[in-house]
Amino acid sequence: MDWTKLNTKEVTYCCKYAEFNFHCLTFSLQIEYLLMLFYYYQIDTFTIKDIQEFYKKMEIPKWRSDGIIKPSPSKIRKALSYNFFNIEKNIQSIGDDCYKIVFIDTKFYEEDIKEGYQKNRIV
């Protein structure tokens, strides 16, 4: 994955400091949000390892205990199998642990970024 496509300041704000508390979402909703984030930055192909690396780089804290989230490949695969945002049509498996995002509406992510700029939390 091309990590340079991500706007680090926006991503950090949304995953660590936004009022909706990313780390408090269920893991499957975190994955949905993460895919929205990827698609917003025109990253349409990703792997399970990319998601693991994202959690490692962002140091997303565990909700109910100390430490950071270190999702296993099986946990990620399971989350990808849920159908919150019509994921069956919008995410396609294109190989071993490799996926393509066909479409995901990014309006929630866009609203979070806009809020961050309005409140001067993204600088």
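K.L.:
In this structure, what is going on with the environment of Glu 110? I would like to understand it.
P.N.:
Within the element layout of this structure, Glu 110 appears in helix H6 (residues 107–118). Sequence separation between Glu 110 and Asp 66 is 44 residues; the distance between their C-alpha atoms is 30 Å.

K.L.:
Which parts of the structure should I look at to understand helix H2 (residues 27–40)?
P.N.:
The α-helix advances 3.6 residues per turn, and as a result positions three or four apart in sequence lie on the same side. The first and last C-alpha atoms of H2 sit 20 Å apart over 14 residues, in line with the 20 Å expected at 1.5 Å per residue. The buried fraction of H2 is high, at 11 of 14 residues. By the burial criterion, the buried members of H2 are Phe 27, Ser 28, Gln 30, Ile 31, Glu 32, Tyr 33, Leu 34, Leu 35, Met 36, Leu 37 and Phe 38. Remark: Gln 42 follows H2 within two positions and exhibits a positive phi of approximately 60°.

K.L.:
Would you explain the state of the cysteines in this entry?
P.N.:
Simply put, the disulfide is a covalent bond whose two ends are the sulfur atoms of two cysteines. Under the criterion given, the structure shown has 0 disulfides. There is no disulfide at Cys 14, and the cysteine sulfur nearest it, in Cys 15, is 6.6 Å away.

K.L.:
In this structure, what is going on with the packing of H2 against H6? I would like to understand it.
P.N.:
Two numbers describe how H2 lies on H6: the axes approach to 9 Å, and their chain directions differ by 80°. Relative to H6, H2 is oriented roughly perpendicular. For the pair H2 and H6, the contacting residues are Tyr 33, Met 36, Leu 37 and Tyr 40 in the first and Phe 108, Tyr 109, Glu 110, Asp 112 and Ile 113 in the second. When its residues are assigned to classes, the contact of H2 with H6 shows 7 nonpolar, no polar and 2 charged.

K.L.:
How do you make sense of the packing of H2 against helix H4 (residues 73–80) when you look at a structure like this?
P.N.:
Helix packing geometry: the angle between the two helix axes and the distance between the axes. Contact geometry for H2 and H4: axes closest at 9 Å, N-to-C directions at 75°. Relative to H4, H2 is oriented roughly perpendicular. Residues Phe 27, Ser 28, Ile 31, Glu 32 and Leu 35 of H2 form the contact with H4, whose own contacting residues are Lys 75, Ile 76, Ala 79 and Leu 80. Looking at the contact of H2 with H4 residue by residue, the classes come out as 6 nonpolar, 1 polar and 2 charged.

K.L.:
What am I meant to see in the layout of surface pockets here?
P.N.:
Vacant regions in the atomic arrangement are exposed by a probe of water-molecule size rolled over the atoms. One number sums up the size of the largest pocket: a volume of about 150 Å³. Of all the secondary structure elements, the ones that give two or more residues to the lining of the largest pocket are helix H1 (8–17) and helix H3 (48–58). Considered class by class, the residues forming the lining of the largest pocket number 5 nonpolar, 2 polar and 1 charged.

K.L.:
Please explain the sheet that holds strand S2 (residues 91–95) as it appears in this structure.
P.N.:
Pairing between sheet strands relies on hydrogen bonds along the backbone, with the strands arranged either parallel or antiparallel. Strands sit in the order S1-S3-S2 across an open sheet of 3 strands; the sheet is antiparallel. Strand pairing shows two members of the sheet lacking a second neighbour, strand S1 (45–47) and S2, which therefore form its edges. Across the sheet, the mean angle from the axis of one strand to that of its neighbour is 35°, orientation sign disregarded. Relative to strand S3 (residues 98–101), S2 runs antiparallel, the two being bridged by 4 bridges.

Cut-off values and rules
- Counting from 1, residues in each chain are numbered in the order their sequence is written.
- Two thresholds apply to this predicted model, a pLDDT of at least 70 for residue-level local features and 80 or more for giving and counting side-chain atom pairs, whereas whole-chain, interface and lining totals are computed over all residues.
- Neither water nor hydrogens contribute to the side-chain values; these are computed over all heavy atoms in the structure.
- Numbering of helices and strands runs from the N terminus; a helix is a DSSP stretch of H or I covering at least four residues, while a strand is a stretch of E covering at least two.
- The span expected for a helix works out to 1.5 Å for each residue beyond the first.
- Each residue's exposure class comes from its accessible area (1.4 Å probe, protein chains only) as a fraction of the maximum for that residue type: buried when under 20%, exposed when over 50%, partly exposed otherwise.
- Note on terminology: disulfide denotes any pair of cysteine sulfur atoms within 2.5 Å.
- Think of each axis as a best-fit line through the C-alpha atoms, taken over the contacting stretch in the case of a helix, with angles from 0 to 180 degrees between the N-to-C directions.
- Under this scheme an angle from 65 to 115 degrees is roughly perpendicular, one under 35 degrees roughly parallel, and one over 145 degrees roughly antiparallel; angles in between are oblique.
- The contact criterion used is simple: two residues touch if any of their non-hydrogen atoms lie within 4.5 Å.
- The nonpolar class holds Ala, Val, Leu, Ile, Met, Phe, Trp, Tyr, Cys and Pro. Asp, Glu, Lys and Arg form the charged class, and all remaining residues, Gly among them, are polar.
- Residues are said to line a cavity or pocket when one of their atoms sits within 4 Å of a point; the points come from a 1 Å grid over protein atoms alone, cavities being sets where a 1.4 Å probe fits but cannot get out and pockets being open sets with protein on both sides within 12 Å along at least five of seven lines.
- Grid points are joined across faces, edges and corners, and a volume is the space filled by probe spheres set on the points.
- In this description, strands pair whenever DSSP reports at least two bridges between them.

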